[in-house]
Amino acid sequence: MRWNYTDAMIDIETLDTRPSAVVIAIGVVLFNRREPSIKMKGLHLVFGKKEFRDEQIMMGRTVDKKTVIWWKGQEPAAKKIFKQANVKSMTDMFEKLTAFLTQGDVKYLIWGNGASFDNTIVTSLYDSFGLEAPWKFWNDRCFRTFKGEHGHIARPPEFQGVKHNAEDDARQQARYLQAIYQELQKYNIQSYKDRQS
């Protein structure tokens, strides 16, 4: 059966904005940038409990006071993350994320919302635990840049879910990327990756 997914959108929740940030959730959706009709496939890894934060700090990950203060001002639904975990350990988290991003017969373009944020921090997190991220750097893509250049041609879709829920945020970003991409295709504007296929 043909694998229909071409891209992965990553969104993370952290306690810092530096590459060394403690991460408390990772959301990923697989999608097809050309075909919005193909249903997205999501993964939401939550590890906000104290023991997961402490383990990362022991590995040299960092916490920023301003980011902690920012979290205190968020909605209760978002702040629940600090008492939640749906993985058994950091090892379990890495195994699930790697399996999700290596399924199928394609090398996904890995999108994050900021050239120095999501993808960079997740890559650094793998490195902190002596592991290699499951994608090559040349497949990194920045949604913030893409949106900044082309976002004026399509309206952002109405947000669905809880803001600062990593999977909901990733899904919103992927839907917006698809909307922009649909408009670009009307003018036969193709990305470098598309011109190679």
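Placed above this text is the structure.
So, a few notes on the structure that sits alongside this text. Not measured: the values here are computed from a predicted model.

Describing the pattern of salt bridges
A full pass over the atoms with the stated rule returns 7 salt bridges. When the shortest N-O distance is used, the salt bridge between Asp7 and Arg33 registers 2.7 Å. One end of the pair, Asp7, is in strand β1 (residues 7–14); the other, Arg33, is in the loop between β2 (23–31) and β3 (41–46), and 26 residues separate them in sequence. For the pair Asp7 and Arg33, a shared accessibility class is recorded, and that class is buried.

Comments concerning the sheet that holds strand β4 (residues 109–112)
Taking strand neighbours across the sheet as the criterion, the 5 strands line up as β3-β2-β1-β4-β5 in an open arrangement whose pairing is mixed. If you trace the sheet from one side to the other, it starts and ends with β3 and β5 (140–142), each paired once. Taking the axes of each pair of neighbouring strands and ignoring which way they run, one obtains an average angle of 25 degrees across the sheet. Summarising the sheet, β1 and β2 pair through 8 bridges and their orientation is antiparallel. Note on β2: the bridge partner recorded for Glu13 is Ala25. Sheet strands in contact with helix α6 (residues 143–150) are β1, β4 and β5, and its direction is about 40 degrees off that of β5.

Regarding the pairing of β1
The buried count for β1 comes to 8 of 8 residues, which makes it a mostly enclosed element. As paired strands, β1 and β4 are joined by 3 bridges and run parallel to one another. Residue Ala8 lies in a different strand from β4, and its bridge partner there is Ile110.

Focus: the packing of α6 against helix α7 (residues 166–186)
Where α6 contacts α7, the axes come no closer than 11 Å and their chain directions differ by 40 degrees. By the angle class used here, α6 and α7 are oblique. For the pair α6 and α7, the crossing hand works out as left-handed. Contacts between α6 and α7 pair Phe143, Phe146, Lys147 and His150 from the former with Gln173, Tyr176, Leu177, Ile180, Tyr181 and Leu184 from the latter.

Observations regarding the packing of aromatic side chains
Under the criterion given, the structure shown has 8 aromatic pairs. Taking 5.2 Å as the distance between ring centres and 75 degrees as the angle between the ring planes, the aromatic pair formed by Trp70 and Trp71 counts as edge-to-face. Here Trp70 falls in the partly exposed class, since its relative accessible area comes to 38%. Put simply, the rings of Trp70, Trp71 and Phe82 touch in pairs and so form one group of aromatic residues. Over the ring of Phe159 we find Lys163; its NZ or CZ atom is 5.8 Å from the centre of that ring.

The rules behind the values
Residues numbered from 1 in each chain as written. Predicted model: local features only at pLDDT ≥ 70, side-chain atom pairs only at ≥ 80, totals over all residues. Heavy atoms only, no water. Salt bridge = Lys/Arg side-chain N within 4 Å of Asp/Glu carboxyl O. Helix = DSSP H or I, 4+ residues; strand = E, 2+ residues; numbered from the N terminus. Buried < 20%, exposed > 50% of the residue type's maximum accessible area, 1.4 Å probe, protein only. Pairing = 2+ DSSP bridges. Axes fitted to C-alpha atoms, helices over the stretch in contact; angles between N-to-C directions. Contact = heavy atoms within 4.5 Å. Parallel < 35°, antiparallel > 145°, perpendicular 65-115°, else oblique. Left-handed = near helix turned anticlockwise from the far one by under 90°. Phe/Tyr/Trp six-rings, centres within 6.5 Å; stacked < 30°, edge-to-face > 60°. Lys NZ or Arg CZ within 6 Å of the ring centre and 35° of its normal.

What is shown is where atoms sit, not what they do.
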